[in-house]
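# Fold and geometry: a report
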Amino acid sequence: MATISCRCGTVKLQFPTRSPRASQECCCRDCHGRIAHLANLGGPSMPDVTIASADNRTRPATFYYFVNRITVLSGGDRIKFYLMKEGSTNYNMASSC
């Protein structure tokens, strides 16, 4: 099992496995927008997204996907689900503490 928590430790979640089901790297505006949005809500700061190179390429955002059998150990009242934009089918989850 794997356990994660928010920065202050109020919200704690447990996944049935330690290994993600899948991972991906992406440079699209939606993925970088998701990171920036979460940073504005108090999450980790937006990382430096340019690679020190002649063409200043964008560094991909890395996402890990776990099995959806999540057990809320604490702070369930602080968990929020939202869509980044209207018409999206991808829900995001974040803590509000």
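Residues numbered from 1 in each chain as written. Predicted model: local features only at pLDDT ≥ 70, side-chain atom pairs only at ≥ 80, totals over all residues. Heavy atoms only, no water.

## Considerations on the overall build of the chain
Summing up its helical and strand segments, the chain has one helix and seven strands in all. Secondary structure of the chain in N-to-C order comes out as β-β-β-α-β-β-β-β. Considering the chain as a whole, with its 97 residues, one finds that 20% of them fall into the buried category. When contacts within the chain are restricted to residue pairs at least 6 apart in sequence, long-range pairs at least 24 apart make up 58% of them. (Helix = DSSP H or I, 4+ residues; strand = E, 2+ residues; numbered from the N terminus. Buried < 20%, exposed > 50% of the residue type's maximum accessible area, 1.4 Å probe, protein only. Contact = heavy atoms within 4.5 Å.)

## A closer look at the sheet that holds strand β1 (residues 2–5)
The antiparallel open sheet is built from three strands, whose spatial order is β1-β2-β5. The outermost strands of the open sheet, each flanked by one partner alone, are β1 and β5 (71–74). The mean inter-strand angle of the sheet, taken between neighbouring strand axes irrespective of direction, is 30°. As paired elements, β1 and strand β2 (residues 12–15) share four bridges and run antiparallel to each other. Bridging across to β2, S5 finds its partner in K12. (Pairing = 2+ DSSP bridges. Axes fitted to C-alpha atoms, helices over the stretch in contact; angles between N-to-C directions.)

## Things to note about a nonpolar patch on the surface
The grouping of I70, V72, F81, L83, Y91 and M93 at the surface amounts to a nonpolar patch, some 570 Å² of accessible area in total. Secondary-structure elements contributing two or more residues to the nonpolar patch are β6 (79–83) and β7 (91–95). Positionally, F81 belongs in strand β6. (Patch = residues over 30% accessible without salt bridge, like charges linked within 9 Å, V, L, I, M, F, W, Y side chains within 5 Å. Areas by Shrake-Rupley, 256 points an atom, 1.4 Å probe, with all protein chains shown as cover. Salt bridge = Lys/Arg side-chain N within 4 Å of Asp/Glu carboxyl O.)

## Remarks on the layout of surface pockets
Volume-wise, the largest pocket comes out at about 1600 Å³. Of all the secondary-structure elements, those providing two or more residues to the lining of the largest pocket are β1, β2, α1 (29–40), β4 (61–65), β6 and β7. Tallying contributions element by element places β7 first for the lining of the largest pocket, with five residues. Broken down by class, the residue content of the lining of the largest pocket amounts to 25 nonpolar, nine polar and five charged. (1 Å grid on protein atoms, 1.4 Å probe; cavity = no way out; pocket = protein on both sides within 12 Å on 5 of 7 lines; lining within 4 Å. Points joined across faces, edges and corners; volume = space filled by probe spheres on them. Nonpolar A, V, L, I, M, F, W, Y, C, P; charged D, E, K, R; others polar.)

## Quick word on the nonpolar core
The biggest cluster of nonpolar side chains holds five residues, and these are C26, C31, I35, A61 and F63. Secondary-structure elements contributing two or more residues to this core are α1 and β4. (Core = buried A, V, L, I, M, F, W, Y, C linked by side-chain atoms within 4.5 Å.)

## Side note on the confidence of the model for the chain
For the chain, the mean per-residue pLDDT works out to 80, and 86% of the residues sit at or above 70. The least confident element of the chain is α1, whose mean pLDDT is 78; the most confident is β5, at 96. (pLDDT = per-residue confidence, 0-100.)

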